[in-house]
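Residue-level structure breakdown
Here is how the chains run, residue by residue.
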Amino acid sequence: MKVLIVYAHPEPRSLNGALKDLAVTTLEGAGHEVRVSDLYAMRWKSHLDAEDFGASAGPDRLSVVKDSGRAFTEGTQSADIAAEQAKLMWADTIVFQFPLWWYTMPAILKGWVDRVFSYRFAYGVGVHDETHYGDRFGEGTLAGKRAMLSLTIGGMEPHYSDRGINGPIDDLLFPIHHGILYYPGLTVLPPFTVFGSEWMDDDAFGPIRAQWVERLLKLEATDPIPFRRQNFGDYEIPSLRLRPGLERPGAKGFELHAE
């Protein structure tokens, strides 16, 4: 297995840093190849602008979609973007390690997505016609590869439950799981979540460490989140609304989009 770890935390000695390091040693110890994109150590540029597109940037008015697509196809993207895209194509499994900040990923990681998941690479691929609305949501450039979030959460687990004040963690992660990872074709595995990270000490980390090692060693056998594919009959085209009668009993909201 070829594993890319995209790591986003500014402190190497943090809980996230420990989980990243443990992932590297565990996976390499099991015979897998591992590469790490340590975004803070790389001083990753988190904002997208015309410099990302080189000579393909529009001379008068920046069009992020058109200019990024042209830069990708013409090979004029900045070198850091091209390097991360190459890592994604090399890997068959991608692990994202980060803390949940303000209900989502850190800005530096979102900036990685904004810049690396460019038009014609991660979206805007495939045929659009009466029966096929582009290669996305189960199809696309990254189809056949697996992805998993490993994240730390400061609050306690009940805070992120069905009646918790923050809402269910699966709902909070849906935009990342479905909208960022599944959209370009990645098969999405259930996340590894560490709650109460603000109060984590060495004694509490022991069980977390064992659970993380177990998850890592079972990556290849882990069942994915069963998201529905876009172009295989579950959705009406072009409205992209789920066909009536396909939902599980009692399912609503985001739950409708998993079988």
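Structure: above.
Residue numbering note: each chain is counted from 1, following its sequence as written. Local features are withheld for residues below a pLDDT of 70 in this predicted model, meaning they are given only at 70 or higher, and side-chain atom pairs are given and counted only at 80 or more; totals for whole chains, interfaces and linings count all residues. Excluded from the side-chain calculations are hydrogens and water; all other atoms, namely the structure's heavy atoms, are used.

1. Quick word on the environment of Ile5
Helix and strand assignments follow DSSP, with helices taken as H or I runs no shorter than four residues and strands as E runs no shorter than two, numbered in order from the N terminus. Mapped onto the elements of the fold, Ile5 is located in strand E1 (residues 2-7). For the pair Ile5 and Gly167, spaced 162 residues apart in the sequence, the C-alpha separation amounts to 28 Å. When residues no more than four places from it in sequence are discounted, the contact partners of Ile5 are Lys20, Ala23, Val24, Val34, Arg35, Val36, Ser37 and Val95. For this analysis, residues touch if any pair of their heavy atoms sits within 4.5 Å.

2. Details of the packing of aromatic side chains
Working definition: a ring pair exists when centres of Phe, Tyr or Trp rings (six-membered ring for Trp) sit within 6.5 Å. Plane angles under 30 degrees give stacked, over 60 give edge-to-face, the rest tilted. Counted under the stated rule, the structure contains 11 aromatic pairs. With centroids separated by 6.4 Å and ring planes inclined at 50°, the aromatic side chains of Phe137 and Tyr182 adopt a geometry described as tilted. Taken together, the residues Phe137 in the loop between helix H4 (107-116) and strand E4 (146-152) and Tyr182 in helix H5 (residues 169-182) connect sequence positions 45 residues apart. Tyr182 shares its class with Phe137; the two are buried. Ring centres 4.1 Å apart and planes at 5° place the aromatic pair Phe174 and Phe254 in the stacked group. Here Phe254 lies in the segment after helix H6 (202-217) and Phe174 lies in helix H5, a separation of 80 residues in the sequence. The classification of residues rests on relative accessible area computed with a 1.4 Å probe and restricted to protein chains. Under 20% of the type maximum is buried, over 50% is exposed, and intermediate values are partly exposed. Classification of Phe174 by relative accessible area gives buried; the value is 12%. Taken together, Phe137, Phe174, Tyr182, Tyr183, Phe227 and Phe254 form an aromatic cluster joined through their ring pairs. The ring centre of Trp90 lies 4.0 Å from the NZ or CZ of Arg35, which sits over that ring. A ring has a charge above it when a Lys NZ or an Arg CZ is no more than 6 Å from the ring centre and no more than 35 degrees off the ring normal. One residue, Arg229, lies across the ring of Phe232, its end atom 3.5 Å from the ring centre.

3. Description of the nonpolar core
Membership of the largest hydrophobic core comes to 41 residues, with the highest contact counts inside it found for Leu88, Phe96, Phe98, Leu109, Trp112, Phe117 and Leu181. Mapped by element, the contributors of at least two residues to this core are E1, helix H3 (79-90), strand E3 (93-99), H4, E4 and H5. It is H5 that provides the largest number of residues to this core, a total of eight residues. Among all residues touching Leu109, those that are not within four sequence positions of it are Val6, Ala8, Leu39, Phe96 and Phe98. Here the nonpolar core consists of buried residues drawn from Ala, Val, Leu, Ile, Met, Phe, Trp, Tyr and Cys, with membership extended through side-chain atoms lying within 4.5 Å. With 21 residues, the next largest nonpolar core counts Leu22, Leu27, Val95 and Phe192 among its residues.

4. A few points about the environment of Leu151
Inspection of the secondary structure assignment puts Leu151 in strand E4. Put simply, Leu151 and His47 are 104 residues apart on the chain and 22 Å apart in space, counted from C-alpha to C-alpha. The residues touching Leu151, leaving out its near neighbours within four places in the chain, are Gln97, Phe98, Leu100, Leu173, Pro191, Phe192, Thr193 and Val194.

5. Considering the layout of surface pockets
Here a cavity denotes grid points, spaced 1 Å and computed from the protein atoms alone, that fit a 1.4 Å probe unable to get out, and a pocket denotes an open set having protein on both sides within 12 Å along at least 5 of 7 lines; residues with an atom within 4 Å of a point are the lining. Grid points are joined across faces, edges and corners, and a volume is the space filled by probe spheres set on the points. By volume, the largest pocket amounts to about 380 Å³. Lining the largest pocket are 17 residues, with Asp170, Asp171, Ile225, Phe254 and Glu255 positioned closest to its centre. Considered class by class, the residues forming the lining of the largest pocket number 10 nonpolar, one polar and six charged. Put simply, the second largest pocket is a space of about 210 Å³. Every residue lining the second largest pocket is counted, 13 residues in all, and those nearest its centre are His9, Asn16, Thr152, Ser197 and Glu198. Only Asp, Glu, Lys and Arg are considered charged, only Ala, Val, Leu, Ile, Met, Phe, Trp, Tyr, Cys and Pro nonpolar, and every remaining residue, Gly among them, polar. When its residues are assigned to classes, the lining of the second largest pocket shows six nonpolar, six polar and one charged.

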